[in-house]
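One letter stands for each residue in the lines below.
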Amino acid sequence: MAAMLTLEEAQERLLALAPIGETERIVTDKIADSRYLAEDLQALRTQPSADLSAMDGYAICGEGPWLKVGESRAGTPFSGALEPGQCTRISTGAHMPNGSDRVLIQENACLNADLVHLAESETLPEAQRHVRSRGFDFAEGDRLLTAGTSLGPAQLALALASGHGKLPVRALPRVAVLDSGDELVRDPLECGPDQIPASNGAMIGAMLRPLVGEVARLGPVPDDKAALAEALAQAENCDILITSGGASVGDHDLVRQALKDWGADLAFWKVAIKPGKPLMVATRGKQVIVGLPGNPVSSFVTCFLFALPLVRAALGAANPLPPVQHLSAGENLPEVGSRREFLRGISDGAHVRRAASQDSSALLALASANCLIERPACSAAVSNGEQVAVYNLQNG
Ligand SMILES: Nc1nc2c(c(=O)[nH]1)N[C@H]1C(S)=C(S)[C@@H](COP(=O)(O)OP(=O)(O)OC[C@H]3O[C@@H](n4cnc5c(N)ncnc54)[C@H](O)[C@@H]3O)O[C@H]1N2
Ligand code: MOO
């Protein structure tokens, strides 16, 4: 039997297949989370475009007292130039008037008619006090963000502030989810005694939707060649197909054969992880198929470790893999066998414990978990207080 791939090998091989979308330009204001810059971003303007006041008060020239000769407001600068002994009223974000290089905040000033004095025991502010100098944030032509950066609210604000009303991003991949099994029914209310509700399709759809919006649901499909072929025909135009179930070695695990009959080529099958060993990856032209194992927790974990990174890579993410952090084990953890383990964990932000059940069908334990604890293959037991690697889950 061929040796199973390690997690890293399998992720690397899968991500190399990512069907990266064409570049399209989208109105910056309309970009939702989970989009990534398709090109480096250069500033089209300088920010601030002039020296600005950082506080409300008086822009002063020379030593006080100062005669107030006008006002500089954000959006309406003072048009003249100050002479020593003069000041203007100034608001936060307003241009510094010519002749002034510092601001006396209003809390430290006394106003008598139009004459401004230092308040008692205050000293003259030093040069540049409360002034934001032109271009200190960024200057026209600066490279602000690199291709592959995730466009969160702060990056969108930066893009707008630097003059970009539209941004280059990758087209969303078209994603379909196909779950299969004779025992599955779509409507839980119609579930017979020998059946179970098909929860994986909805779960995987919900995991992918924040990344791609619409996800086509093609299941549940019975363990039947013709039914699988019919469902696969509906996946003709998708870029990424996620299947769930039928990935193992049983007589009714038909997905691999059905994919082959559809014209797909197996890229690899089986990864040394627990849960999720029977993970399967295939391609059909530029289409990528990720076959997740049917056990619900195995489907969740492999979707998290493979399908979501693949979609992020297709969206152009520079770092498509989930970030890992290290926390203290809040209990002893047992030694690990030959497959790397992903334990469903409950973290309080500092310590992490295992959820009540580690069975790969245990949905109640999965729903109570907020992280996965990663345990290396063939590793010794961990004692309470030792560091362990943890992936945060957006779960609940
Ligand atoms: N002899 C062996 N048996 C199994 C092996 C093995 O190596 N040798 N691997 C086991 C492992 S590990 C896993 S994981 C499972 C995965 O099998 P499949 O991908 O073929 O999944 P199914 O057999 O179709 O289903 C497994 C389990 O999950 C339930 N299921 C399936 N789809 C859904 C769905 N859409 N919603 C809810 N629940 C679903 C299904 O009813 C089964 O209980 O194989 C082991 N066996
Ligand atoms: O690897 Mo399976 O995914 O143990 O349940």
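Treat the numbers as computed from the prediction; the structure is a model and nothing was measured. (Residues numbered from 1 in each chain as written. Chains lettered and ligands numbered in written order. Predicted model: local features only at pLDDT ≥ 70, side-chain atom pairs only at ≥ 80, totals over all residues. Heavy atoms only, no water.)

Caption draft 1: Looking closely at the overall build of the protein. For the protein, the helix and strand inventory stands at 7 helices and 26 strands. Relative to a compact globule of 396 residues, whose C-alpha radius of gyration would be 21 Å, the protein shows 30 Å and is clearly more extended. By its C-alpha atoms, the protein is 95 × 50 × 45 Å across when sized along the principal axes. Counting every position in the protein, which comprises 396 residues, the buried fraction comes to 47%. Sequence-distant contacts, at least 24 apart, represent 68% of the contacts inside the protein between residues at least 6 apart. Surface accessibility of the protein: about 19,300 Å² in total, with carbon and sulfur atoms responsible for 49%. (Helix = DSSP H or I, 4+ residues; strand = E, 2+ residues; numbered from the N terminus. Rg over C-alpha atoms; globule rule 2.2 N^0.38 Å. Buried < 20%, exposed > 50% of the residue type's maximum accessible area, 1.4 Å probe, protein only. Contact = heavy atoms within 4.5 Å. Areas by Shrake-Rupley, 256 points an atom, 1.4 Å probe, with all protein chains shown as cover.)

Caption draft 2: Here's a closer look at the site of ligand 2. By nearness alone, every residue bordering ligand 2 is listed as Pro275, Gly276, Lys277, Asn295, Ser298, Arg339 and Ser360. The contact in question runs from an oxygen atom of ligand 2 to an N or O atom on the backbone of Lys277, over 3.0 Å. At 2.7 Å from an oxygen atom of ligand 2 is found a side-chain nitrogen or oxygen belonging to Ser360. Judged by its atoms lying within 2 Å of the grid points, ligand 2 is housed in the second largest pocket. The residue makeup of the shell around ligand 2, split by class, is 1 nonpolar, 4 polar and 2 charged. (Near = heavy atom within 4 Å. Polar contact = N/O pair within 3.5 Å; in protein donor to acceptor, adjacent residues only side chain to side chain. 1 Å grid on protein atoms, 1.4 Å probe; cavity = no way out; pocket = protein on both sides within 12 Å on 5 of 7 lines; lining within 4 Å. Sits in = over half its atoms within 2 Å of the grid points. Nonpolar A, V, L, I, M, F, W, Y, C, P; charged D, E, K, R; others polar.)

Caption draft 3: Geometry of the site of ligand 1. Ligand 1 sits among 22 residues. The nearest are Glu183, Ala247, Ser248, Lys277 and Gly294. A distance of 2.5 Å separates an oxygen atom of ligand 1 from a polar atom in the side chain of Glu183. Take Ser199: an N or O atom from its main chain is 3.0 Å from a nitrogen atom of ligand 1. For ligand 1, the protein covers 70% of the area, taking 870 Å² as the surface of the free molecule. Looking at the shell around ligand 1 residue by residue, the class counts come to 9 nonpolar, 9 polar and 4 charged.

Caption draft 4: Inspection of the packing of helix α4 (residues 225–233) against helix α5 (residues 255–262) at higher detail. Where α4 meets α5, the closest approach of the two axes is 10 Å, and the angle between their N-to-C directions is 55 degrees. By the angle between their axes, α4 is oblique relative to α5. Where α4 crosses over α5, the handedness of that crossing is right-handed. Across from Lys225, Leu228, Leu232 and Ala233 in α4, the residues of α5 making contact are Val255, Ala258, Leu259, Asp261 and Trp262. Residue classes in the contact of α4 with α5 are distributed as 7 nonpolar, no polar and 2 charged. (Axes fitted to C-alpha atoms, helices over the stretch in contact; angles between N-to-C directions. Parallel < 35°, antiparallel > 145°, perpendicular 65-115°, else oblique. Left-handed = near helix turned anticlockwise from the far one by under 90°.)

Caption draft 5: Expanded view of a nonpolar patch on the surface. Taken together, the side chains of Leu67, Val69 and Leu115 make up a nonpolar region of the molecular surface, amounting to roughly 200 Å² of accessible area. Position of Leu67 relative to the elements: it lies in strand β5 (residues 66–72). (Patch = residues over 30% accessible without salt bridge, like charges linked within 9 Å, V, L, I, M, F, W, Y side chains within 5 Å. Salt bridge = Lys/Arg side-chain N within 4 Å of Asp/Glu carboxyl O.)

Caption draft 6: Quick look at the sheet that holds strand β7 (residues 102–105). Spatially, the 6 strands line up as an open sheet ordered β7-β4-β6-β5-β9-β8, and their pairing is mixed. Looking at the sheet topology across the chains shown, the edges are occupied by β7 and β8 (109–112). In this sheet, neighbouring strand axes are inclined to one another by 40 degrees on average, regardless of whether the strands run parallel or antiparallel. In terms of strand pairing, β5 meets strand β6 (residues 86–90) through 4 bridges, oriented parallel. Within β6, the position partnered with Lys68 by the bridge is Cys87. (Pairing = 2+ DSSP bridges.)

Caption draft 7: Spotlight on the environment of Glu83. You can see Glu83 is positioned in the loop between β5 and β6. With 14 residues separating them along the chain, Glu83 and Pro97 place their C-alpha atoms 11 Å apart.

Caption draft 8: Local environment of α4. Residues of α4 that are buried: Ala227, Leu228, Ala231 and Leu232. Projected down its long axis, α4 carries its buried residues within an arc of 135 degrees, all on one side. For α4, the exposed residues set more than 90 degrees away from the buried face come down to Lys225, Ala226 and Glu230. Packing partners of the buried residues in α4 comprise β13 (175–179), β17 (240–244) and α5. The backbone nitrogen of Ala226 has a side-chain oxygen 3.0 Å away, supplied by the residue at the start of α4, namely Asp224. (Arc of directions from axis to C-beta.)

Caption draft 9: Region of interest: the domain arrangement of the protein. Structurally, the protein comprises domain 1 (7–21 + 172–314), domain 2 (23–46 + 137–170), domain 3 (52–132) and domain 4 (325–392). Inter-centroid distance (C-alpha atoms) of domain 2 to domain 3 is 35 Å. (Domains from an automatic or database assignment.)

Caption draft 10: Representation of the state of the cysteines. Evaluated as defined, the whole model comprises 0 disulfides. Cys303 provides the cysteine sulfur closest to Cys371, a residue in no disulfide bond, and the two sulfurs are 18 Å apart. Take Cys371: its relative accessible area is 0%, and that puts it in the buried class. (Disulfide = S-S within 2.5 Å.)

Caption draft 11: Local environment of the packing of helix α3 (residues 199–212) against helix α6 (residues 296–314). It is the contact of α3 with α6, at a shortest axis distance of 10 Å, that shows an interaxial angle of 25 degrees. What the angle tells us is that α3 and α6 run roughly parallel. Judged by the sense of rotation from one axis to the other, the crossing of α3 with α6 is right-handed. Listed contacts from α6 to Asn200, Met203, Ile204, Met207, Leu208, Leu211 and Val212 of α3 are Pro296, Ser299, Phe300, Cys303, Phe304, Leu308, Val311 and Arg312. Within the contact of α3 with α6, the residues separate by chemical class into 12 nonpolar, 2 polar and 1 charged.

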